[in-house]
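# What the coordinates show
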Amino acid sequence: MPPRAATSDEPLDAPDEYAAAVLALVRRIPSGRAMTYGLIAEIVGERLGRGGPRQVGNVMAGSGDRYAHLVPDGAAVVGPVQDNHPVPWWRVVNASGAPPARHVTAALDALRAEGCPLSRDGRRVDLRRAVWFPEDG
């Protein structure tokens, strides 16, 4: 059975529901800002009652293929980095502000292009200045 599109009216199964919530939140992170895997897990967990930082990481790792069907058609990143990325994966970092190790150069380049505050050595996001908390509602 092929995956359903994000616009389907059918209810999603539990893994897809969680992934859709994570991807929807990540797509809201403004240019030049960042969130941690843990913060995303906390916010999504408040609503769905499950998941943690590792689950967020798994969703992010599959956002380009395994969970691509959960991103609305025509979705595009807003900001300086718009190379056909429907999800701004580079705006999600670990608790110390480091981007994904396998994509560190691409992530840091994208964060710099957006004007995201980085640490003095330029290897991590300065979370005190860059962390984004969504508005309620």
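What this report covers is the structure whose coordinates are included nearby. Given the structure is predicted, the values throughout are model-derived calculations rather than measurements. (Residues numbered from 1 in each chain as written. Predicted model: local features only at pLDDT ≥ 70, side-chain atom pairs only at ≥ 80, totals over all residues. Heavy atoms only, no water.)

### Digging into helix 2 (residues 37-48)
- If you check helix 2, its first and last C-alpha atoms are 16 Å apart, about what twelve residues at 1.5 Å a residue would give, namely 16 Å.
- Among the residues making up helix 2, those that are buried are Tyr-37, Leu-39, Ile-40, Ala-41, Val-44, Gly-45 and Leu-48.
- Against the buried residues of helix 2 lie helix 1 (14-28), strand 1 (35-36), helix 3 (53-61) and strand 2 (92-93).
- Gly-49 occupies a position one or two residues after helix 2 and carries a positive phi of about 75 degrees. (Helix = DSSP H or I, 4+ residues; strand = E, 2+ residues; numbered from the N terminus. Expected span 1.5 Å × (residues − 1). Buried < 20%, exposed > 50% of the residue type's maximum accessible area, 1.4 Å probe, protein only. Contact = heavy atoms within 4.5 Å.)

### Details of the packing of helix 1 against helix 2
- At a minimum axis distance of 10 Å, the contact between helix 1 and helix 2 shows a crossing angle of 130 degrees. The orientation of helix 1 relative to helix 2 falls into the category oblique. For the pair helix 1 and helix 2, the sense of crossing is right-handed. Judged by residue contacts, Glu-17, Tyr-18, Ala-21, Val-22, Leu-25 and Val-26 of helix 1 engage Ile-40, Ala-41, Ile-43, Val-44, Arg-47 and Leu-48 from helix 2. (Axes fitted to C-alpha atoms, helices over the stretch in contact; angles between N-to-C directions. Parallel < 35°, antiparallel > 145°, perpendicular 65-115°, else oblique. Left-handed = near helix turned anticlockwise from the far one by under 90°.)

### Thoughts on the packing of aromatic side chains
- Summed over the entire model, instances satisfying the criterion amount to one aromatic pair.
- Look at Trp-89 and Trp-90: their rings are 5.6 Å apart centre to centre, the planes differ by 85 degrees, and that puts the pair in the edge-to-face class. For the pair shown, Trp-89 and Trp-90 are each scored as buried. (Phe/Tyr/Trp six-rings, centres within 6.5 Å; stacked < 30°, edge-to-face > 60°.)

### Comments concerning the side chain of Asp-16
- Note that Asp-16 resides in helix 1.
- Residue Asp-16 is classed as buried on the basis of its relative accessible area of 13%.
- Setting aside residues no more than four positions away along its own chain, Asp-16 makes contact with Tyr-67, His-69 and Leu-70.

### What about the nonpolar core?
- Of all hydrophobic cores here, the largest spans 38 residues; its most connected members are Val-22, Ile-40, Met-60 and Val-125.
- Where this core is concerned, the elements lending two or more residues are helix 1, helix 2, helix 3, strand 2, helix 4 (104-114) and helix 5 (127-130).
- Ranked by residues supplied to this core, first place goes to helix 1 with seven residues.
- Excluding anything up to four places from it in sequence, Met-60 contacts Val-22, Leu-23, Val-26, Tyr-37, Val-87, Trp-89 and Val-92. (Core = buried A, V, L, I, M, F, W, Y, C linked by side-chain atoms within 4.5 Å.)

### Digging into the pattern of salt bridges
- Applying the stated criterion to the full structure yields four salt bridges.
- Here Asp-109 makes a salt bridge to Arg-112, at a shortest N to O gap of 3.5 Å. Placement of the pair is Asp-109 and Arg-112 together in helix 4, with a separation of three residues, close to one helical turn.
- Relative accessible area serves as the criterion here: at 44%, Asp-109 is assigned to the partly exposed category. (Salt bridge = Lys/Arg side-chain N within 4 Å of Asp/Glu carboxyl O.)

### Comments concerning helix 1
- Across its 15 residues, helix 1 extends 22 Å between first and last C-alpha, which sits within 8% of the 21 Å expected from 1.5 Å per residue.
- Every buried residue belonging to helix 1 is among Asp-16, Tyr-18, Ala-19, Ala-21, Val-22, Leu-23, Leu-25 and Val-26, and all of these are buried.
- Structurally, helix 1 contributes buried residues whose contacts are with strand 1, helix 2, helix 3 and strand 2.
- For helix 1, the N-terminal cap is Asp-13; the gap from its side-chain oxygen to the backbone nitrogen of Asp-16 is 2.9 Å. (Polar contact = N/O pair within 3.5 Å; in protein donor to acceptor, adjacent residues only side chain to side chain.)

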